[in-house]
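Survey of secondary and tertiary structure
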Amino acid sequence: PREAGDEPHLIASALPGVPVIVGERRGEAAFAAWEQFKPGVILLDDGVQHRALSRDIDVVTLDAAHPFGNGHLLPRGLLREPPESLARAGAVMFTRCTPEMERGLLEAAARKHNHRIEVFFSRHVPAGLRGLHDGTVSDPGSLRGKRVAALSAVADPASFHRTLESLGASVILKNPMPDHHRHTAEDLVRMARDAAEAGASAVVATAKDERNLPDPLPPLSVDLLILDIEAELIDGKRLRVDPRVLQ
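Residues numbered from 1 in each chain as written. Predicted model: local features only at pLDDT ≥ 70, side-chain atom pairs only at ≥ 80, totals over all residues. Heavy atoms only, no water.

Now for the pairing of strand β5 (residues 147–152). Across the 6 residues of β5, 5 count as buried, placing the element largely inside the fold. Across 6 bridges, β5 lies against strand β6 (residues 170–176) in parallel orientation. In the strand pairing of β6, V148 is matched with V171. Handedness of the crossover joining β5 and β6 through helix α4 (residues 157–166) is recorded here as right-handed. Two strands pair when backbone bridges link them, and β5 and strand β7 (residues 202–206) are joined in this way by 4 bridges, in the parallel orientation. The residue of β7 that forms the bridge with V148 is A202. (Buried < 20%, exposed > 50% of the residue type's maximum accessible area, 1.4 Å probe, protein only. Helix = DSSP H or I, 4+ residues; strand = E, 2+ residues; numbered from the N terminus. Pairing = 2+ DSSP bridges. Right-handed = clockwise from strand over helix to strand, strands pointing away.)

With that settled, consider the layout of surface pockets. Approximately 430 Å³ is the volume found for the second largest pocket. If you trace the second largest pocket, you find 16 residues lining it, with R96, C97, T98, R123 and H124 closest to the centre. Mapped by element, the contributors of at least two residues to the lining of the second largest pocket are β3 (118–131) and α4. When residues in the lining of the second largest pocket are grouped by element, the largest group, 4 residues, is from α4. Residue classes in the lining of the second largest pocket are distributed as 6 nonpolar, 5 polar and 5 charged. (1 Å grid on protein atoms, 1.4 Å probe; cavity = no way out; pocket = protein on both sides within 12 Å on 5 of 7 lines; lining within 4 Å. Points joined across faces, edges and corners; volume = space filled by probe spheres on them. Nonpolar A, V, L, I, M, F, W, Y, C, P; charged D, E, K, R; others polar.)

A separate point is a nonpolar patch on the surface. A cluster of nonpolar side chains, I11, L15, V18, V20 and V22, forms an exposed patch at the surface whose accessible area comes to about 360 Å². For L15, the location among the structural elements is in the loop between α1 (6–14) and α2 (26–37). (Patch = residues over 30% accessible without salt bridge, like charges linked within 9 Å, V, L, I, M, F, W, Y side chains within 5 Å. Areas by Shrake-Rupley, 256 points an atom, 1.4 Å probe, with all protein chains shown as cover. Salt bridge = Lys/Arg side-chain N within 4 Å of Asp/Glu carboxyl O.)

Turning to helix α5 (residues 185–198), a few remarks are in order. Counted at 1.5 Å a residue, the expected span for α5 with its 14 residues is 20 Å, and the 20 Å between its end C-alpha atoms agrees. Three or more residues of α5 are buried, namely D187, L188, M191, A192 and A195. For α5, the buried positions fall inside an angular range of 120° around the axis, keeping them on one side. Residues E186 and E197 are exposed on α5 and point more than 90 degrees away from its buried face. The elements touched by buried residues of α5 are β5, β6, β7 and β8 (223–233). (Expected span 1.5 Å × (residues − 1). Arc of directions from axis to C-beta. Contact = heavy atoms within 4.5 Å.)

Geometric values such as these leave the question of function open.
Spelled out as structure tokens, the structure:
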């Protein structure tokens, strides 16, 4: 992670056998991928705004809870481009969907800017709970009824907290840090001490945070657990792409 970054390392770990190329210049990275692996598809992460590199299709991901933020661009809002830019996209994926959300309204909001766009919905599903000190793997449901502390250095820590609460955990201590923050041994010892004093039985972190933990881990007064989360398509629909585009 220190060499490649936390997110590329997480992606590579989740996709064994799939080359993950990291490069400051996207065009050079794509050329290196082609030279070394001759892939049929190159998937550019976080690349819709990278206009210098030609592509066959744009897939835009939008958080279903606030797909267009406050309607303003950075730095006043969350948007990197105005919603009208969906006109050049081939598909949109609404992420973090929950059962109470009106998916029809979300789809209508996307089709307002592109009536032909493919629309998909996904949700985040807790997949496993791992103990870092003893290597145990348990069902995420084992958090039900437990008092825990949440350790996270991600873009949306509130979503992680909601996931823990949806599993029945009582999050009595929250310690959100800036995205990509590298946790020090002192950070962990202090967090574990505060968690124990508050009555928490464990500190729970994300798989992304796992990449930013110190090595070796210091002795802690409570368990340190990693909650693995997977994205799951809600309706299983497949993207329909004109095969001529990929020839």
